[in-house]
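# Coordinates in review
Residue-level listing of the chains:
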Amino acid sequence: MRSIRELPLEGKRLFLRVDFNVPLQDGRVGDATRIVQTLPTIRHAMERGARILCASHLGKPGGMRRPGLSLAPVAVELAARLGRPVRFVEDCVGPEVEKLAGTLGTGEVLLLENLRFHAGEEGNDPEFARRLAALAEVYVNDAFGAAHRAHASVAGAAGLFSEKGAGLLLEKEVRELSRLLDPERPFAAILGGAKISGKIDTLRALSRRADLLLIGGGMANHFVSALGLSVGRSLLEEDSVPLAREILDFCKREGKTIALPSDFVVASSPGDAAGARTVGITKIPEDAMALDVGQKTLEQFERLLEPVRTIFWNGPMGVFEKPPFDRGTKALAMLLAESSAVTVVGGGESVAAAREAGVADRFTHVSTGGGASLEFLTGGTLPGIEALG
Ligand code: ADP
Ligand code: MG
């Protein structure tokens, strides 16, 4: 995989796939984090004299033009952040876009309309990919958060360029996450969160790659249930309990340590802060929900992590959006921030929790891609990386 720094850019039309999938509020950009993260790559291309076409998806328009999901507000925000004008065109392929692309001066930026207004984007349609590729001479992908999807702008179009490479953000993600594929050992994976069925492959892969698995959050309920214990009214995807059983058996066979919470903070619902109390793993009441890990669990996790050299964390330890059920997650974030191991956090909510705890900058790496970082750790590569050759 080549880096944008090795590509010929001077005077060239550059198709730059970015992740501008930002939240909008009242027709304006609500949180510009993803735009800000792409600025170094855009500035690099500007300084090197490229004619830059930025392309992104936004939300899920389902292959139709949906005015509420236009990237027009992003063009305004991007211009403000760059301190330079940004042109915007109301489509991402076609004669008008080609004409505009042809008139771009060196160092100028044009933002194309939402790629997903065309069904060909998510379908990786070859004809749509060809129309995208017709716009430029050089291809760069800096959209790590979209690199796990084999969509036209990520996969098909990239395949049609001979000059192509990774933007600075994608390059950094691949470098940092690759350290987890050949980690300094012992290597611990800490898994929590709620989306169990969406993380099956990741759970299997990490149980093989890691020396030590620490399980918390909604994820832990499935393991508690697999042990034949009651989880009361806690979050539970029944279909995923056999997977938890499989992982427990695998770790036993392989002599790997898998640590479940020894205590939980339970209540009648996430809104029931007053009812919060701590119980042991065998004592989750039938009418209660496990909403966080307890203090004993945190102490146990701290001990287990002591000798560890590399740590990957995905998934909050509890319903961290609702105090007091944020304690386990925040304490874990603090613990990792203070660790001398290589620490990597990935996942939308996990990263948000680390930021809320004010310690995100003390991690070795905070991944910008939720699904993408998990898929990279599962398979060791991604469609968008493969497409760069
Ligand atoms: P990430 O985005 O970091 O990959 P997930 O999307 O899998 O994480 O899960 C995040 C969600 O998990 C949070 O909204 C949090 O409230 C929820 N969660 C964590 N622990 C529990 C629990 N014990 N019960 C219910 N929900 C939980
Ligand atoms: Mg999430």
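Quick note: structure is the one above.
The sections below set out a description of the structure shown in this document.

Calculation notes
- Residues numbered from 1 in each chain as written.
- Chains lettered and ligands numbered in written order.
- Predicted model: local features only at pLDDT ≥ 70, side-chain atom pairs only at ≥ 80, totals over all residues.
- Heavy atoms only, no water.
- Helix = DSSP H or I, 4+ residues; strand = E, 2+ residues; numbered from the N terminus.
- Rg over C-alpha atoms; globule rule 2.2 N^0.38 Å.
- Buried < 20%, exposed > 50% of the residue type's maximum accessible area, 1.4 Å probe, protein only.
- Contact = heavy atoms within 4.5 Å.
- Areas by Shrake-Rupley, 256 points an atom, 1.4 Å probe, with all protein chains shown as cover.
- Lys, Arg positive; Asp, Glu negative; His and termini not counted.
- Charge placed at Lys NZ, Arg CZ, Asp CG, Glu CD.
- Expected span 1.5 Å × (residues − 1).
- Bend = angle between axes of the 7 residues up to and from the residue.
- Pairing = 2+ DSSP bridges.
- Axes fitted to C-alpha atoms, helices over the stretch in contact; angles between N-to-C directions.
- Parallel < 35°, antiparallel > 145°, perpendicular 65-115°, else oblique.
- Nonpolar A, V, L, I, M, F, W, Y, C, P; charged D, E, K, R; others polar.
- Salt bridge = Lys/Arg side-chain N within 4 Å of Asp/Glu carboxyl O.
- Right-handed = clockwise from strand over helix to strand, strands pointing away.
- Polar contact = N/O pair within 3.5 Å; in protein donor to acceptor, adjacent residues only side chain to side chain.

## A look at the overall build of the protein
Summing up its helical and strand segments, the protein has 14 helices and 17 strands in all. Relative to the compact-globule value of 21 Å for 389 residues, the protein shows a C-alpha radius of gyration of 23 Å, a close match. With respect to the three principal axes, the spread of C-alpha positions in the protein is 70 × 45 × 35 Å. The buried share of the protein, taken over its 389 residues, is 56%. By sequence separation, contacts in the protein at least 24 residues apart represent 73% of the contacts at least 6 residues apart. On the protein, roughly 16,000 Å² of surface is accessible, and the fraction owed to carbon and sulfur atoms is 49%. Of note, the protein has its 46 positive side-chain charges centred 1 Å away from the centre of its 49 negative side-chain charges.

## Observations regarding helix H1 (residues 33-47)
With 15 residues, H1 should cover 21 Å at 1.5 Å per step; its first-to-last C-alpha distance of 22 Å lies within 8% of that length. The largest bend in H1 comes to about 40 degrees, at Leu-39, with the proline Pro-40 one to four residues further on. Where H1 is concerned, the buried positions are Ile-35, Thr-38, Leu-39, Thr-41, Ile-42, His-44, Ala-45 and Met-46. Elements that come into contact with the buried residues of H1 comprise strand E1 (13-17), strand E3 (28-29), strand E4 (51-55), helix H2 (72-82), strand E6 (109-112) and helix H6 (168-178). A positive phi of about 80 degrees marks Gly-49, the residue just after H1.

## Focus on the sheet that holds strand E14 (residues 289-293)
One open sheet holds the three strands; their spatial order is E13-E12-E14, and the pairing between them is antiparallel. The two strands at the open ends of the sheet, each matched to only one other strand, are strand E13 (277-280) and E14. Sheet twist, expressed as the mean angle between neighbouring strand axes with direction ignored, is 45 degrees. Inspection of the sheet shows strand E12 (residues 263-267) paired to E13 by four bridges, in the antiparallel sense. Of the residues in E13, the one forming a bridge with Asp-263 is Gly-280.

## A look at the environment of Ala-259
With respect to the element layout, Ala-259 can be found in strand E11 (residues 257-259). For Ala-259, a relative accessible area of 4% corresponds to the buried category. For Ala-259 and Gly-216, which are 43 residues apart along the polypeptide, the C-alpha to C-alpha distance reads 8.8 Å. In contact with Ala-259, other than residues within four places in its own chain, are Leu-213, Leu-214, Ile-215, Gln-300, Phe-301 and Leu-304.

## Overview of the packing of helix H7 (residues 200-209) against helix H9 (residues 241-254)
Contact pair H7 / H9: the axes reach a minimum separation of 10 Å and the direction vectors enclose 5 degrees. In terms of orientation, H7 and H9 fall into the roughly parallel class. Here H7 contributes Ile-200, Leu-203, Arg-204, Ser-207 and Arg-208 to the contact with H9, which in turn contributes Leu-243, Glu-246, Ile-247 and Phe-250. Here the contact of H7 with H9 is composed, by residue class, of five nonpolar, one polar and three charged.

## Comments concerning the pattern of salt bridges
The tally for this structure, following the rule as stated, stands at 17 salt bridges. The salt bridge involving Glu-171 is made with Arg-5; its shortest N-O contact spans 2.5 Å. In this pair, Glu-171 is assigned in helix H6 and Arg-5 in the segment before E1, connecting sequence segments 166 residues apart.

## Considering the pairing of strand E5 (residues 86-89)
Both E5 and E6 contribute to a ladder of four bridges, which runs parallel. Bridged to Val-86 within E6 is Val-109. Once the chain exits E5 it traverses helix H3 (residues 95-103) before rejoining the sheet at E6, and the crossover so formed is right-handed.

## Some remarks on the environment of Val-345
Tracing the backbone through its elements, the reader meets Val-345 in strand E16 (residues 342-345). Spatially, the C-alpha atoms of Val-345 and Asn-314 are 6.1 Å apart, while their sequence positions differ by 31 residues. For Val-345, the residues in contact, after removing those within four places along its chain, are Phe-312, Trp-313, Ser-350, Val-351, Phe-363, His-365, Val-366 and Ser-367.

## A word on the side chain of Glu-113
Mapped onto the elements, Glu-113 comes out in the loop between E6 and helix H4 (119-122). Nearest to the buried, unbridged Glu-113 among oppositely charged side chains is Arg-65, at 4.4 Å. At 2.8 Å, the side chain of Glu-113 and the backbone nitrogen of Leu-71 are in polar contact. With residues near it in sequence (within four places) discarded, Glu-113 still touches Ser-56, Arg-65, Leu-69, Ser-70, Leu-71, Phe-88, Val-89, Glu-90, Asp-91 and Cys-92.

## Considerations on the sheet that holds strand E15 (residues 310-314)
Within the open sheet, the six strands sit side by side as E11-E10-E9-E15-E16-E17. Their pairing is parallel. One side of each edge strand has no neighbouring strand; the edge strands of this open sheet are E11 and strand E17 (365-366). Relative to strand E10 (residues 212-215), strand E9 (residues 187-191) runs parallel, the two sharing four bridges. Within the sheet, the bridge partner assigned to Leu-191 lies in E10 and is Ile-215. Sheet strands in contact with helix H11 (residues 327-338) are E9, E15 and E16, and its direction is about 155 degrees off that of E15.

Geometric values such as these leave the question of function open.
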